[in-house]
Structure formats: C-alpha cells, structure tokens
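Architecture and fold: a report
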Amino acid sequence: MALVAAGCVAGCRGQSAATVTANEEDMQVTNSHELKTYEGTTLTPLSRFRENSIKGPQKVDIESYRLKIEGLVDTPRTYTYSEVTTGFTPHKRVITMKCVEGWDVTVLYEGPLVRDLIAAAGAAPEAKIVIFRSVDGYSTSFPLSYVMDNPIILACKMNGITIPPERGFPFHLAAQGKWGYKWAKWVSGIELSADTAYRGFWEQRGYSGSGDENAPMFESQAGGEKK
Ligand SMILES: Nc1nc2c(c(=O)[nH]1)N[C@H]1C(S)=C(S)[C@@H](COP(=O)(O)O)O[C@H]1N2
Ligand SMILES: [Mo]
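Attention in this report is confined to the structure presented alongside it.

The rules behind these values
Residues numbered from 1 in each chain as written. Chains lettered and ligands numbered in written order. Predicted model: local features only at pLDDT ≥ 70, side-chain atom pairs only at ≥ 80, totals over all residues. Heavy atoms only, no water. Phe/Tyr/Trp six-rings, centres within 6.5 Å; stacked < 30°, edge-to-face > 60°. Helix = DSSP H or I, 4+ residues; strand = E, 2+ residues; numbered from the N terminus. Near = heavy atom within 4 Å. Polar contact = N/O pair within 3.5 Å; in protein donor to acceptor, adjacent residues only side chain to side chain. Areas by Shrake-Rupley, 256 points an atom, 1.4 Å probe, with all protein chains shown as cover. Nonpolar A, V, L, I, M, F, W, Y, C, P; charged D, E, K, R; others polar.

What follows concerns the packing of aromatic side chains. Counted according to the given criterion, the structure contains eleven aromatic pairs. With 6.0 Å between their ring centres and 50° between their planes, Tyr65 and Phe171 make a pair best called tilted. Note that Tyr65 is positioned in the loop between β4 (41–42) and β5 (67–71) and Phe171 in the loop between β13 (161–162) and β14 (172–174), a separation of 106 residues in sequence. Linked through ring pairs, Tyr181, Phe201, Trp202, Tyr207 and Phe218 together constitute an aromatic cluster.

Structure follows, in structure tokens:
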C-alpha cells in the first residue's frame with residue numbers, strides 16, 4: 001500500500017488556528033478553531049460522530065497519563081503527554097476512516113509517526129507485530145511492517161484542535177487503509193510482540209485481523225459478533 005508522505009507541521013500543543021500554520025489559505029475555522037476544510041477537502045465536524053465505543057467515552061487525567069512503548073524493544077519508554085506531542089516531528093494528513101457499520105468520517109489527523117516512537121525504543125529483531133492498548137481495555141494489532149513501512153500517525157489533534165475526550169484524547173491512532181475498529185482511541189500502550197496469533201477486541205469477535213478496508217470485514221463467511 002502506498003501512502004502519501006506527510007509534511008512537517010506545527011505540533012500538538014496549543015489550540016489556536018495560528019499554530020496550525022500561517023500559510024494554509026483555504027482553512028476555515030469555527031469559533032472553537034476547528035478547521036472545516038483543509039487544502040480544498042471538506043472535513044467532518046468533530047461534533048458529528050457516532051458513539052459506539054466498547055465502554056463509552058473515556059476521561060484521561062493528563063497529569064498522571066503515560067504512554068508506554070514496551071515489549072520486544074531495546075529500551076522500553078514511558079512518556080508523558082507533552083513528551084510525545086513535543087518530542088517527535090509532527091505530521092498531518094487528511095484521511096477517511098470507514099466504520100464497518102456503514103458510515104465514515106474525513107478528518108485532518110496530526111501527531112507523531114508511530115514508527116518514530118518505535119524507533120526511539122528500538123524494535124528487537126524478533127518483533128513481528130505491534131499491539132495498541134487503550135485505557136478502556138480495547139486493543140488491536142498490526143504487522144510491524146505496517147507501521148514501519150507507512151507514515152502512520154498517532155494523532156493528538158483532529159481538524160487542527162486537541163482531540164476531544166469523547167473522540168480519543170490523548171491519542172487516536174489514524175490507521176490509514178484499515179477499518180475503523182482498528183483506529184485505537186485513548187491509546188496508552190504500544191507493545192511489540194512476536195505473537196502473530198494475537199487478536200484484539202474486535203478481532204476476537206470475528207472481525208478480520210488485517211482489517212484492510214478493501215477486504216472483507218469478517219474473518220470467515222460465517223461472520224462474527226455484530227457491532
Ligand atoms: N479504545 C477504543 N478505541 C476504539 C474503539 C473503542 O471502542 N475503544 N472503537 C473503534 C471503532 S469501532 C471505531 S469506528 C472508531 C471510531 O472513531 P471516531 O470516534 O474517531 O469516529 O474508533 C475505534 N477505536
Ligand atoms: Mo467501528
């Protein structure tokens with residue numbers, strides 16, 4: 001899968017439209033500074049979303065929050081929110097996320113690349129997959145090559161503003177090319193593993209492990225538990 005390379009932009013701190021960049025002439029903002037369009041693409045307002053999370057919206061206390069990069073890595077890392085949002089080069093890209101329920105959203109996602117976070121910990125040679133864990137007990141996994149060979153964003157901003165709590169604050173994985181059930185929200189852990197049989201929350205319930213949005217959503221024709 002070929003993904004478009006993303007450019008370097010302002011980081012995740014600060015809400016003001018001016019921090020997004022000064023030369024995005026077509027940007028329009030609401031009163032809350034949320035972008036309505038980006039480079040000619042109409043964005044889905046963040047207020048227009050379907051709440052279908054496994055345990056409902058999560059509230060994360062940002063003072064005690066830590067992001068862990070662990071498992072089969074040379075040096076496990078534990079980062080505060082601001083270490084993640086200011087310590088890595090931010091990237092941004094407009095991506096459409098499709099939920100298996102038949103709806104989609106088109107959002108400007110912005111944050112560090114997963115591969116830069118993993119590089120800082122150093123992937124061990126035995127590592128085959130990467131597992132994303134969230135504060136609500138949800139998890140999902142990908143081949144390590146998916147996040148190392150593609151510029152996959154761990155978003156801290158959506159549509160130019162800090163992600164609202166109900167949409168996944170502090171971090172929402174923008175799993176480009178994958179069904180929405182693999183776009184982990186409220187991410188608290190990134191674990192490298194050799195367990196290629198690992199199954200995340202929705203994958204355990206019959207949804208495809210690869211989660212490729214152009215492939216069948218169910219692992220078998222028999223289907224799984226309906227979301
Ligand atoms: N932690 C966590 N992440 C999650 C979910 C969840 O229940 N818990 N639901 C997934 C599903 S099914 C979808 S479609 C998307 C919805 O993301 P959105 O709120 O940005 O539309 O989040 C995904 N990430
Ligand atoms: Mo979904």
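So, next bit.
Here we come to the site of ligand 1. Of all residues adjacent to ligand 1, which total 18 residues, the nearest are Ile54, Asp136, His172, Lys185 and Lys227. One of the side-chain N or O atoms of Arg167 is found 3.0 Å from an oxygen atom in ligand 1. Here Lys185 contributes a side-chain N or O atom positioned 2.7 Å from an oxygen atom of ligand 1. Contact with the protein chains hides 100% of the accessible area of ligand 1, taken as 530 Å² for the molecule alone. Taken together, the residues that form the shell around ligand 1 break down as nine nonpolar, five polar and four charged.

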